[in-house]
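Take a look at the letters that make up each chain.
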Amino acid sequence: MEFKKVVLLGGGVLGSQIAIMSAYTGHDTTIWLRSQGSVERTEKKVSNYKTRLLADLEGAKNLIGNPMGPYVYPRGLIRKWEGTSQADIEKLLEAGKKNLDEKLHLETDLDKALADADIIIEAMAEDPKAKISMYESIKDKMDEKTILCTNTSTLLPSTFAEYTGRPEKYMALHFANEIWKHNTAECMGHEGTDPEVYDQVVKFADQINMIPIKLKKEQGGYVLNTLLVPLLEAAQYLWSTGIADPEMVDITWKVGTGSPKGPFEIMDIIGLQTVYNIVKMKEGADQEGTYYHKLTRLLKEKLDKGESGINAGKGFYDYSK
């Protein structure tokens, strides 16, 4: 199957990034958004990510001949580092700018967005009811050929398969943040996913310069978040119980492990709305006096102040400077 038209449902942190990588690699890509207000917010995200992506590609010129080059080059932008020259990067920059200008579209008309789509990737917030509502609203609008994927971080595709109208053509495709550098695409089907559809999604992931991570069965959190979530939850505990400030937690993690970012820096990149939505689903989150209730209240206070993460200019850290 040739993936000529790619559609993203939602233009949040990852929805925008997936769309940008799809367009960068030459696929005609549409982000569907609910309102003009959503369009305006997504335009800002897209502009920001385009700038960062192209800056990282330009910066890769300075890595040529550097012994650290093979370890830190933007893997999603340059498929093969060995033998890459500055002239090669210039060609990638030229093609990338052209593709990003011509192949990425924002659309509020749902019927127009879905028409003739080869693959649709739902990238909405971690709200099961909202996802079900979306699937039920589009199941009769999709073409017969269309493959439907979810980018959910924590939920299982089997939870939603029956609501899609095409369970055999439905599965999860999950990406890491800053996907042009951290280019994994975790491919996870459910028991009813057609193996041929699974293989096609793996091919699509490769076509947009991702490294397909093939899961053999469902796992909440996939591989990456199964490893990452316990770290973030431990950091949230240290902060919300007053044991240590976010900066101290991050310093401890970075100095102690050599990691480039601490857990609160990671949460700012993910976006505190996503973090809040996940915590809100924890047992006891709605019960006064529980730990998760306190944590949701603290996160909600930051969201109410507009401190939703790096894209807002402030989260746990101030990025306005």
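Draft legend 1. Structural view of the environment of Lys300. Mapped onto the elements, Lys300 comes out in helix H12 (residues 291–304). For Lys300 and Pro263, which are 37 residues apart along the polypeptide, the C-alpha to C-alpha distance reads 18 Å.

Draft legend 2. Here's a closer look at the packing of helix H9 (residues 246–257) against helix H10 (residues 263–270). At their nearest, the axes of H9 and H10 sit 7 Å apart, and the two run at 110° to each other. When the axes of H9 and H10 are compared, the pair comes out roughly perpendicular. Each of Pro246, Val249, Asp250, Trp253 and Lys254 in H9 lies in contact with H10, whose residues at this interface are Pro263, Phe264 and Glu265. By residue class, the composition of the contact of H9 with H10 is five nonpolar, no polar and three charged.

Draft legend 3. The layout of surface pockets, seen in detail. Computed from the structure, the second largest pocket encloses a volume of approximately 200 Å³. In terms of lining residues, the second largest pocket is bounded by Gly189, His190, Glu191, Thr193, Pro195, Tyr198, Lys214, Leu215, Lys216, Lys217 and Glu218. Per-class residue counts for the lining of the second largest pocket are three nonpolar, three polar and five charged.

Draft legend 4. Up close: the pattern of salt bridges. Here the structure, examined in full by the defined rule, presents 21 salt bridges. For the salt bridge of Glu301 with Arg297, the shortest nitrogen-to-oxygen distance reads 3.2 Å. Remark: Arg297 and Glu301 occur in helix H12; sequence separation between them is four residues, near one turn of the helix. Overall, Glu301 belongs to the partly exposed group, its relative accessible area being 37%. Close ionic contact of Glu307 with Lys314 constitutes a salt bridge, the shortest N to O distance being 3.5 Å. Residue classification places Glu307 among the buried positions, given a relative accessible area of 9%. When salt bridges that share partners are traced, they join Arg52, Asp56, Glu178 and Lys181 into one network.

What counts and what doesn't
- Residues numbered from 1 in each chain as written.
- Predicted model: local features only at pLDDT ≥ 70, side-chain atom pairs only at ≥ 80, totals over all residues.
- Heavy atoms only, no water.
- Helix = DSSP H or I, 4+ residues; strand = E, 2+ residues; numbered from the N terminus.
- Axes fitted to C-alpha atoms, helices over the stretch in contact; angles between N-to-C directions.
- Parallel < 35°, antiparallel > 145°, perpendicular 65-115°, else oblique.
- Contact = heavy atoms within 4.5 Å.
- Nonpolar A, V, L, I, M, F, W, Y, C, P; charged D, E, K, R; others polar.
- 1 Å grid on protein atoms, 1.4 Å probe; cavity = no way out; pocket = protein on both sides within 12 Å on 5 of 7 lines; lining within 4 Å.
- Points joined across faces, edges and corners; volume = space filled by probe spheres on them.
- Salt bridge = Lys/Arg side-chain N within 4 Å of Asp/Glu carboxyl O.
- Buried < 20%, exposed > 50% of the residue type's maximum accessible area, 1.4 Å probe, protein only.

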